[in-house]
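# Structural overview for review
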Amino acid sequence: MSENITTLSDATFDEFVGSSDVPVLVDFWAEWCGPCKQIAPILEEIATEQAGKVTIAKLNIDENLDVTRRFEVMSIPTLLLFKDGQPVQRLIGAKPKGALLQEISAHLG
Amino acid sequence: MTQSTKVLVVGSGPAGLTAAIYTARAQLNPVVIEGEPSSTSDQPGGQLMLTTEVENFPGFPEGITGPELMTNMRAQAARFGAQITTEKVTKLDLTARPFRAWVGGNDGEPDYEATSVILATGAKSIMLDVAGEERLLGHGVSTCATCDGFFFRDLPIVVVGGGDSALEEATFLTRFASSVTIIHRRDSLRASKIMQERALANEKITFLWNTQVTEILGDSKVERIGLTNTLTGEASSMDVAGVFVAIGHRPTTEIFANELDLHPNGYLAVHQGSLTSIEGVFACGDVQDHHYRQAITAAGSGCMAAIDTERWLESQGS
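Owing to the predicted nature of the structure, the values given are computational and were not obtained by experimental measurement.

## Considering the interface of chain B and chain A
- Counting residues at the interface gives 20 residues for chain B, matched by 22 residues for chain A.
- Summing both partners gives a buried area of about 1700 Å² for chain B against chain A, and 65% of it is carried by carbon and sulfur.
- By the criterion of area lost to chain A, the three top residues of chain B are Pro 37, Phe 150 and Phe 151 of chain B, representing 36% of everything that side buries.
- Linking chain B with chain A are zero salt bridges.
- Taken together, the residues of the side of chain B that touches chain A sort by class into 10 nonpolar, seven polar and three charged.

Quick look at the structure:
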């Protein structure tokens, strides 16, 4: 995995998302989810191309049930965009890169 | 800039990738437009990307998962030189040769020019098209049991449909759910015998026959569904946490429906193996198969399309 993507856990989630200066896009995923694997390379690209505008992070739902439940994730992949520690946008299901960027663009500086 | 190719394969399920393997080994340097990520069956790798174990694809005595099988096929096509791109064809012009294809937009210069085209666009899942379905998609309504089953641990769920995929999903979901009710609008299943026996023998699975879902209810997530008995018209409701939709598929023909002959049932019409109504355009897989619709028949028809393409290109002296 790219060094541009941060792996989060129940223990590190709040601190990381709350203290970030730029919006954080969190990818809720699991090993057994086919569509999650399809968007992984797209998120790698966005992490590199949009560095400084948005931070990409991943949370494995299998291992981190607290955060997964707290944000009522019921389908993966789910991408949640956090701004100042608060969720501002929810994207459910795998999407092409263009569509994904377009949907989050309003929240990026 | 327009890229020229001898063979353009549209789609990347078992049909498209088998066609790619064969045409690549014939040194035709095929370009495969594999599609774009989505959580429906309309995505790179096709319907198998959303399945779990595939037990009937020959060569895998212990079974193999759908995504693994498709990852292998893709790697095999790439190994022989197929150029695979993660794009979606948005427009095709088959009126003259070379055929032209656009990805991501319909204007300006075409992205690809091709001497021959192999259409392997497959089929998309059909949704129920009832109130609440779209609003609650991802909040209890799911088209992907393997993705979302995990979230329904110890909860009651329903699977809508009566074919192999409905029964496979239902059986898989019993790993998580407290109960799985299969809702089918008829009183018999079209699923294969082995899948039927497995589902009927599973203690967590019950069947609701002659029943249709009329609406899906819940504020922020699925709480209840409305039902109608298809024989008596009687309405009822049922408390559920999850609705998995597996009522079947529709061939993906939008980008060429006005250029090629279709079968009256909407599938792409083929003759003499894989030939379509336009010379130089071939078809394989579920987009043209309204009868078998299996991974192995899709792969087989992909091979047929590749061989037909190769011979046709030879006859054209190219």
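## Considering the packing of aromatic side chains
- Evaluated as defined, the whole model comprises 10 aromatic pairs over all chains.
- On the numbers, 5.4 Å between centres and 80° between planes, the contact of Phe 13 of chain A with Phe 82 of chain A is edge-to-face. Taken together, the residues Phe 13 of chain A in helix α1 (residues 13–19) and Phe 82 of chain A in strand β4 (residues 78–83) connect sequence positions 69 residues apart. Both residues of the pair, Phe 13 of chain A and Phe 82 of chain A, belong to the buried class.
- A centroid spacing of 5.3 Å and a plane angle of 40° characterise the contact between Trp 32 of chain A and Phe 150 of chain B, whose relative ring orientation is tilted. Of this pair, Trp 32 of chain A sits in the loop between β2 (24–29) and α2 (34–49) while Phe 150 of chain B sits in the loop between α3 (145–148) and β11 (156–160), each in a different chain.
- Ring pairing ties together the aromatic residues Phe 13, Phe 71 and Phe 82 of chain A, which thus form one cluster.
- For Lys 58 of chain A, the ring lying beneath its charged end belongs to Trp 29 of chain A, and the centroid distance is 5.0 Å.

## Structural notes on the state of the cysteines
- On inspection of all chains with the given rule, the structure shows two disulfides over all chains.
- Two residues, Cys 33 of chain A and Cys 36 of chain A, share a disulfide whose sulfurs are 2.2 Å apart. Negative torsions about the S-S bond denote left-handed disulfides, and the value of about 85° found for Cys 33 of chain A with Cys 36 of chain A makes this one right-handed. Cys 36 of chain A matches Cys 33 of chain A in its accessibility class, with the two residues each being buried.
- Across the disulfide from Cys 144 of chain B sits Cys 147 of chain B; the S-S distance is 2.2 Å. Across the disulfide from Cys 144 of chain B to Cys 147 of chain B, rotation about the S-S bond amounts to roughly 70°, and the bridge is consequently right-handed.
- Take Cys 144 of chain B: its relative accessible area is 2%, and that puts it in the buried class.
- Cysteine Cys 303 of chain B remains unbridged, with the sulfur of Cys 284 of chain B as its closest cysteine sulfur at 9.9 Å.
- By relative accessible area, Cys 303 of chain B is classed as buried at 18%.

## Some remarks on the sheet that holds strand β16 (residues 235–239) of chain B
Residue and element names in this part refer to chain B.
- Taken together, the three strands give an open sheet; going across it, the order is β14-β15-β16, and neighbouring strands pair in antiparallel fashion. Sheet topology places β14 (211–217) and β16 at the edges, where each strand pairs with a single neighbour. Pairwise comparison of adjacent strand axes, ignoring direction, gives a mean angle of 30° for this sheet.

## Things to note about unusual backbone geometry
- In this structure, the amide linkage connecting Ile 76 of chain A to the following residue, Pro 77 of chain A, adopts the cis form with an omega of 0°.
- Among the secondary structure elements, Pro 77 of chain A is positioned in the loop between α3 (65–70) and β4.
- Its identity as a non-glycine residue notwithstanding, Gln 27 of chain B has a phi of 60°, on the positive side.
- Its location among the elements puts Gln 27 of chain B in the loop between α1 (14–25) and β2 (31–33).
- Residue classification places Gln 27 of chain B among the exposed residues on the basis of a relative accessible area of 65%.
- In the Ramachandran plot, Asn 29 of chain B falls in the positive-phi region, its phi being about 45° despite a non-glycine side chain.
- Here Asn 29 of chain B shows up in the loop between α1 and β2.

## Section: the packing of α1 of chain B against helix α6 (residues 295–315) of chain B
Residues and elements named next belong to chain B.
- Following both chains from N to C, one finds α1 and α6 inclined at 35°, their axes separated by 7 Å at the closest point. Handedness of the crossing formed by α1 with α6: right-handed. In this structure, α1 contributes Pro 14, Ala 15, Thr 18, Ala 19, Tyr 22 and Thr 23 to the contact, and α6 contributes Ala 295, Ala 298, Ala 299, Ser 301, Gly 302, Cys 303 and Ala 306.
- Considering only residue class, the contact of α1 with α6 consists of nine nonpolar, four polar and no charged.

## Comments concerning the sheet that holds strand β17 (residues 242–245) of chain B
Residue and element names in this part refer to chain B.
- One open sheet holds the five strands; their spatial order is β10-β17-β11-β12-β13, and the pairing between them is parallel. A single partner strand is all that each edge strand has here, and the edge strands are β10 (141–142) and β13 (205–208).
- As judged from the four bridges shared by β11 and β17, these two strands associate in the parallel manner. Note that in β17 the partner of Val 158 across the bridge is Val 243.
- In the packing of helix α4 (residues 164–173) onto the sheet, the strands contacted are β11, β12 (179–183), β13 and β17, and the crossing angle to β11 comes to about 165°.

## Some thoughts on the nonpolar core
- Within the largest apolar cluster, 47 residues are counted, with the highest numbers of intra-cluster contacts made by Phe 13, Val 26, Phe 28 and Ile 76 of chain A together with Leu 167, Leu 173 and Val 180 of chain B.
- The dominant element in this core, judged by the number of residues it contributes, is α4 of chain B, at five residues.
- Apart from residues no more than four positions distant in its own chain, Val 26 of chain A is found in contact with Leu 8, Phe 13, Val 17, Ala 57, Leu 59, Thr 78, Leu 79, Leu 80 and Phe 82 of chain A.
- Among the nonpolar cores identified, the runner-up in size contains 32 residues, and Val 9, Met 49, Ile 118 and Ala 305 of chain B belong to it.

## Concerning the pattern of salt bridges
All names here are of chain A.
- Counted under the stated rule, the structure contains 10 salt bridges over all chains.
- A salt bridge links Glu 45 to Lys 97, with the nearest nitrogen and oxygen atoms 2.8 Å apart. With Glu 45 in helix α2 and Lys 97 in helix α4 (residues 97–105), the pair connects residues that are 52 residues apart, well separated along the chain.
- A network of salt bridges, in which partner residues are shared, links Glu 45, Glu 49 and Lys 97.

About the cut-offs
- Residues numbered from 1 in each chain as written.
- Chains lettered and ligands numbered in written order.
- Predicted model: local features only at pLDDT ≥ 70, side-chain atom pairs only at ≥ 80, totals over all residues.
- Heavy atoms only, no water.
- Contact = heavy atoms within 4.5 Å.
- Buried area = accessible area lost by both parts, 1.4 Å probe.
- Salt bridge = Lys/Arg side-chain N within 4 Å of Asp/Glu carboxyl O.
- Nonpolar A, V, L, I, M, F, W, Y, C, P; charged D, E, K, R; others polar.
- Phe/Tyr/Trp six-rings, centres within 6.5 Å; stacked < 30°, edge-to-face > 60°.
- Helix = DSSP H or I, 4+ residues; strand = E, 2+ residues; numbered from the N terminus.
- Buried < 20%, exposed > 50% of the residue type's maximum accessible area, 1.4 Å probe, protein only.
- Lys NZ or Arg CZ within 6 Å of the ring centre and 35° of its normal.
- Disulfide = S-S within 2.5 Å.
- Pairing = 2+ DSSP bridges.
- Axes fitted to C-alpha atoms, helices over the stretch in contact; angles between N-to-C directions.
- Left-handed = near helix turned anticlockwise from the far one by under 90°.
- Core = buried A, V, L, I, M, F, W, Y, C linked by side-chain atoms within 4.5 Å.

Limitation: the analysis is restricted to geometry and does not speak to function.
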